[in-house]
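Summary of structural features
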Amino acid sequence: GMKHHDVYVVRANVPCGEFEQYSVNDWVDDYRYVGEAGLNEVARIVHDEVGIRDSDPTFIRMEKLAPYLRKKLKGAVGVPKDDERWMNPYRLYCEMAGGTGKGWCTQHAQVWVFWGNRAGIPTRFVFGARTQDNSIVYTGHSWAESYIREQHRWAFVDLSQGELYVTDRELKVLNTVELFQLNQ
């Protein structure tokens, strides 16, 4: 019901423009900057503590990982220190899980993206934004989307709100844009 004179909705059934297509894995961070020791520890946790197996489908991986992270981050909701706002996601996780760090939705999304990708779930960071004076303006919330290979679809995930995924009546996962359109 809000009227905006500077917003346009464009719908098309065909791709617009000529863009090179990349696989989902081309968009996934390799996290080299975390360091070999950190990545090895994450791999051990994903396998031994979270219990994710190579044969697990995406939903099972997500349903194992989310409770693990929610439990580890239970007391970590709050105002992050300035240097925690955009830091190495493994260090951010360690500080939040260890009780020395706090985080808003942005930090929880960063943690989910990192752990999701390390658990074999292609996951990307998403944030609400609008444009103003030819600039992108953050509108106050961040979340993630995880790629559900079995459905060839991205699923809305908001760890800070305990939303692992949302489905329609046919159990098809919905992404951010589809949820936005439903709300409209």
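Residues numbered from 1 in each chain as written. Predicted model: local features only at pLDDT ≥ 70, side-chain atom pairs only at ≥ 80, totals over all residues. Heavy atoms only, no water.

1. A short note on the environment of Trp143
Inclusion rule: Numbering of helices and strands starts at the N terminus; helices are DSSP runs of H or I of at least 4 residues and strands are runs of E of at least 2. Burial classes: relative accessible area under 20% of the type maximum marks a residue as buried, over 50% as exposed, and values in between as partly exposed (1.4 Å probe, protein chains only). Any pair of residues with heavy atoms lying within 4.5 Å of one another is described as a contacting pair. Within 3.5 Å is the distance limit for a polar contact, defined as a pair of N or O atoms, with the added protein rule that one can donate a hydrogen and the other accept it, and that residues adjacent in sequence qualify only through two side-chain atoms.
Here Trp143 is to be found in strand β2 (residues 135–148). Classification of Trp143 as buried rests on a relative accessible area of 11%. On a C-alpha basis, the gap between Trp143 and Cys105 in space is 6.7 Å, while along the polypeptide they are 38 residues apart. In contact with Trp143, other than residues within four places in its own chain, are Ala109, Arg124, Phe125, Val126, Phe127, Gly128, Phe156, Val157, Asp158 and Thr176. Among the polar contacts listed, one links the side chain of Trp143 to the side chain of Thr176, at a separation of 2.7 Å.

2. So, the confidence of the model for the protein chain
How we decide: Values of pLDDT, the confidence the predictor places in each residue, fall between 0 and 100.
Overall, the predicted model of the protein chain reaches an average pLDDT of 87, with 90% of residues at or above 70. Within the protein chain, the element-level pLDDT minimum falls on strand β1 (residues 123–132), averaging 86, and the maximum on helix α1 (residues 36–49), averaging 98.

3. Observations regarding the nonpolar core
Cut-off, in case you're wondering: Joining through side-chain atoms within 4.5 Å is the link that ties buried Ala, Val, Leu, Ile, Met, Phe, Trp, Tyr and Cys residues into a set, and such a set is a nonpolar core.
In this structure, Leu65, Leu69, Tyr93, Val111, Trp112, Phe114 and Trp115 are the most contacted members of the largest nonpolar core, which totals 34 residues. Contributing elements (two or more residues each) for this core: α1, α2 (58–72), α3 (89–98), α4 (105–118), β2 and β3 (153–157). In this structure, Leu65 is in contact with Val50, Ile52, Trp112, Trp115, Gly116, Ala119 and Ile121, ignoring residues within four places of it in sequence.

4. A short note on the side chain of Asn175
Inspection of the secondary structure puts Asn175 in the loop between β3 and α5 (176–183). By relative accessible area, which is 18% here, Asn175 ends up buried. Here the side chain of Asn175 touches Val177 through a polar contact of 3.1 Å, landing on its backbone nitrogen. Leave out the neighbours within four places in its chain, and Asn175 touches Glu145, Trp154 and Phe156.

5. Re a nonpolar patch on the surface
To keep things clear, this is the line we draw: Patch members must show over 30% relative accessible area and no salt bridge, and they are joined within 9 Å when carrying like charges or within 5 Å when they are nonpolar side chains of Val, Leu, Ile, Met, Phe, Trp or Tyr. Each accessible area is a Shrake-Rupley result for a 1.4 Å probe, and residues are judged covered by the shown protein chains and nothing else. Here, a salt bridge means any Lys or Arg side-chain nitrogen found within 4 Å of an Asp or Glu carboxyl oxygen.
On the surface, Phe127, Ile136 and Tyr138 cluster together to form a nonpolar patch covering roughly 330 Å² of accessible area. With respect to the helices and strands, the residue Tyr138 is situated in strand β2. Residue Tyr138 is classed as partly exposed on the basis of its relative accessible area, which comes to 41%.

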